[in-house]
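Results of the structural survey
Okay, here's what each chain looks like letter by letter:
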Amino acid sequence: MRKKLGGLLTVVMVGLLAACGQTGTNEAGYISGDGRTQEIPVADRGEPVELTGETLDGKPFDLADTRGKVTVLNVWWTGCAPCRKEMPMLQAAYEELGDEVAFVGLNTRDASAAQGLAFERHYGVEYPSVYSPDGAAVLALKGSLAPRAIPATAILDTEGRVAALIRGEIPSARTLDELVSAAGESRD
């Protein structure tokens, strides 16, 4: 009995210690951030993000087509509760800023494009989302965002360089607006 209890205690402790380092995984292999924002100084922005793929509705997509506009790149997945919470805010921002700012979703981890399209219909999302079930599209942001960080948002300047990051759920519409405005004002 004592040996079984000791073994059970070991299993429980290992599980608790493993959980201490990651929050919000939903046991689904993703790590939700804490909503921290980071602005990248113009001199530190590096090269433009290169990303091509296919949208959820099967159309070809090239991020280079958004150059000249600030671009909001949002990583999401239908199984992510914070993604569902922030999606109405993103759509509202798109409706308000859509002519001046490009919005692009990066749908990762969904088993089918149809699943992502149903999610977009439910939330009334009108901007395109690149379908990347293996998460490979997020690798275009390597060094900026962790590949398994969902949700995450990168704001690109008019040259396509990462100007700001939000790791986790977008804290507020005001935060998004301020980061978009700052990315649009920064010129070399």
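Let me begin by describing the structure that accompanies this report. (Residues numbered from 1 in each chain as written. Predicted model: local features only at pLDDT ≥ 70, side-chain atom pairs only at ≥ 80, totals over all residues. Heavy atoms only, no water.)

Glancing now at a negative patch on the surface. On the surface, Glu96, Asp99, Glu100 and Asp177 cluster together into a negatively charged patch. Along the chain, the position of aspartate 99 falls in the loop between helix 2 (81–97) and strand 5 (101–108). (Patch = residues over 30% accessible without salt bridge, like charges linked within 9 Å, V, L, I, M, F, W, Y side chains within 5 Å. Areas by Shrake-Rupley, 256 points an atom, 1.4 Å probe, with all protein chains shown as cover. Salt bridge = Lys/Arg side-chain N within 4 Å of Asp/Glu carboxyl O. Lys, Arg positive; Asp, Glu negative; His and termini not counted. Charge placed at Lys NZ, Arg CZ, Asp CG, Glu CD. Helix = DSSP H or I, 4+ residues; strand = E, 2+ residues; numbered from the N terminus.)

It is worth spelling out unusual backbone geometry at this point. For arginine 109, which is not a glycine, the phi torsion comes out positive at approximately 80°. Secondary-structure assignment places arginine 109 in the loop between strand 5 and helix 3 (113–123).

Spatially, six strands are ordered 1-8-7-4-5-6 in an open sheet, and the strand pairing comes out mixed. The sheet is open, and its two borders are formed by strand 1 (36–39) and strand 6 (129–132), each paired with just one other strand. Strand after strand, the sheet turns through a mean of 15° between neighbouring axes, direction not considered. Both strand 4 (residues 70–76) and strand 7 (residues 152–156) contribute to a ladder of five bridges, which runs antiparallel. Bridged to valine 72 within strand 7 is isoleucine 155. Helix-sheet contacts for helix 2 involve strand 4, strand 5 and strand 7, and the interaxial angle to strand 4 is about 160°. (Pairing = 2+ DSSP bridges. Axes fitted to C-alpha atoms, helices over the stretch in contact; angles between N-to-C directions. Contact = heavy atoms within 4.5 Å.)

To continue, consider the state of the cysteines. Inspection of every chain in the model, using the stated rule, returns one disulfide. There is a disulfide in this structure between cysteine 80 and cysteine 83, and the S-S distance comes to 2.4 Å. Of note, the bridge from cysteine 80 to cysteine 83 carries an S-S torsion of about 80° and is right-handed in sense. The pair formed by cysteine 80 and cysteine 83 is uniform in burial state, with each residue classed as buried. (Disulfide = S-S within 2.5 Å. Buried < 20%, exposed > 50% of the residue type's maximum accessible area, 1.4 Å probe, protein only.)

If you look at the biggest cluster of nonpolar residues, it comprises 48 residues, and the most contacted ones within it are Leu73 and Ile155. Not counting chain neighbours up to four residues away, the residues in contact with isoleucine 155 comprise Val70, Thr71, Val72, Arg161, Val162, Ala163, Ala164, Ile166, Leu176, Leu179, Val180 and Ala183. (Core = buried A, V, L, I, M, F, W, Y, C linked by side-chain atoms within 4.5 Å.)

Below, the discussion takes up the packing of aromatic side chains. The relative placement of two aromatic rings is captured by the distance of their centres and the angle of their planes. All chains considered together, the criterion is met by five aromatic pairs. Judged by centre distance (5.8 Å) and plane angle (85°), the ring pair of tyrosine 94 and phenylalanine 103 falls under edge-to-face. With a centroid separation of 5.7 Å and an interplanar angle of 40°, the aromatic rings of phenylalanine 103 and tyrosine 127 are classed as tilted. Here tyrosine 127 lies in the loop between helix 3 and strand 6 and phenylalanine 103 lies in strand 5, a separation of 24 residues in the sequence. One exposure class covers both phenylalanine 103 and tyrosine 127, and it is buried. (Phe/Tyr/Trp six-rings, centres within 6.5 Å; stacked < 30°, edge-to-face > 60°.)

Note that every value here comes from positions in space, so none of it alone points to a role or purpose.
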